[in-house]
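Descriptive analysis of the structure
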Amino acid sequence: LGPIHGGMPMRVFHNTALHLSGQARSFGGVVFGNFLSSVRSFQPKPVSTIIGSIGGIHLLLGLVAQATNVQLLYAAVKALVCVVTTNAGIMLEMEKTGGFQVLAMLLQQRRQHLNGHILHLTFSLVGTVDSNRESTVIPHPTAFSDLLGNLQFWSQTPEDIQKA
């Protein structure tokens, strides 16, 4: 707030989405002002929507690019998968801008940090893990060809991943 709002009262409301888990949880809400002056409010939104407005896939791919160990790579890929699977706009952005190719390149550079959990996240990003469906159609063919279609890369990964 600017200097003219120095004396403006602030009221913080309880975050009613706090009990929700995963992507349904949102940041809290804050209302500035009173009824006689202008009121500024912050409306809570899901994390996947906020990520889309503060950098989108570039922010998420940057997290993957900065991962230096297995735990950081897993956390970065998990965040990317959660946002991409819950935000259709981010999924379209990944397809239009070649984000899956960039992710594949980043995973190739970090092949020594790959493990079965990251492979499972990759399968869920592509959409081939859903056991509830009895379909033989690959839901995201671009992601499948970019991430899983490079057999030469996957043959150079550790043996435990090849067995998975």
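Structural data are supplied above this passage.
Residues numbered from 1 in each chain as written. Predicted model: local features only at pLDDT ≥ 70, side-chain atom pairs only at ≥ 80, totals over all residues. Heavy atoms only, no water.

**Here's the deal with the overall build of the protein**
The helix and strand inventory of the protein stands at 9 helices and 3 strands. N-terminal to C-terminal, the α/β element order of the protein is β-β-β-α-α-α-α-α-α-α-α-α. For the protein, with 164 residues in total, the buried portion stands at 32%. Taking contacts inside the protein between residues at least 6 apart in sequence as the whole, the part at least 24 apart equals 52%. Surface exposure of the protein reaches about 10,100 Å², of which carbon and sulfur atoms provide 59%. (Helix = DSSP H or I, 4+ residues; strand = E, 2+ residues; numbered from the N terminus. Buried < 20%, exposed > 50% of the residue type's maximum accessible area, 1.4 Å probe, protein only. Contact = heavy atoms within 4.5 Å. Areas by Shrake-Rupley, 256 points an atom, 1.4 Å probe, with all protein chains shown as cover.)

**Quick look at the environment of Thr85**
With respect to the element layout, Thr85 can be found in helix α3 (residues 70-86). For Thr85, a relative accessible area of 45% puts it in the partly exposed group. Within the structure, Thr85 has its side chain in polar contact with the backbone oxygen of Val81 (distance 2.7 Å). (Polar contact = N/O pair within 3.5 Å; in protein donor to acceptor, adjacent residues only side chain to side chain.)

**Topic: the environment of Gly56**
Locating Gly56 in the fold gives a position in helix α2 (residues 56-66). When the C-alpha atoms of Gly56 and Leu80 are compared, they prove to be 9.7 Å apart, with 24 residues separating the residues in sequence. In contact with Gly56, other than residues within four places in its own chain, are Ile51, Ile90 and Glu93.

**Topic: the nonpolar core**
In terms of nonpolar packing, the biggest core is built from 32 residues, with Leu73, Val77, Leu80, Leu103, Leu107, Leu125 and Leu147 touching the most fellow members. Those elements that place two or more of their residues in this core are α2, α3, α4 (88-97), α5 (99-109), α6 (116-126), α7 (141-148) and α8 (151-155). Per element, the largest residue contribution to this core is 7 residues, and it comes from α3. Setting aside residues no more than four positions away along its own chain, Leu125 makes contact with Leu80, Val81, Val84, Met91, Phe100, Leu103, His140 and Leu147. (Core = buried A, V, L, I, M, F, W, Y, C linked by side-chain atoms within 4.5 Å.)

**Remarks on the packing of α2 against α5**
One way to put it is that α2 packs onto α5 with a least axis distance of 10 Å and a crossing angle of 10°. Compared by their axis directions, α2 and α5 come out roughly parallel. Together, Ile57, Leu61, Val64 and Ala65 of α2 and Gly99, Val102, Leu103 and Leu106 of α5 make up the contact between the two elements. Its residues placed into classes, the contact of α2 with α5 shows 7 nonpolar, 1 polar and no charged. (Axes fitted to C-alpha atoms, helices over the stretch in contact; angles between N-to-C directions. Parallel < 35°, antiparallel > 145°, perpendicular 65-115°, else oblique. Nonpolar A, V, L, I, M, F, W, Y, C, P; charged D, E, K, R; others polar.)

**A look at α4**
Note: α-helices contain 3.6 residues per turn, so residues at a spacing of three or four share the same orientation. Here α4 has its buried residues at Ile90, Met91 and Met94. Down the axis, α4 shows its buried residues gathered within 105° of arc, on one side only. Among the exposed residues of α4, those oriented more than 90 degrees off its buried face are Ala88 and Lys96. Against α1 (47-54), α2, α3, α5 and α6 lie the buried residues of α4. At the N-terminal end of α4, a side-chain oxygen is found 3.0 Å from the backbone nitrogen of Gly89, two or three residues along, and the residue is Asn87. Looking one or two places after α4, you find Gly98, whose phi comes out positive at around 75°. (Arc of directions from axis to C-beta.)

It is worth stressing that arrangement in space is one thing and function is another; only the former is reported here.
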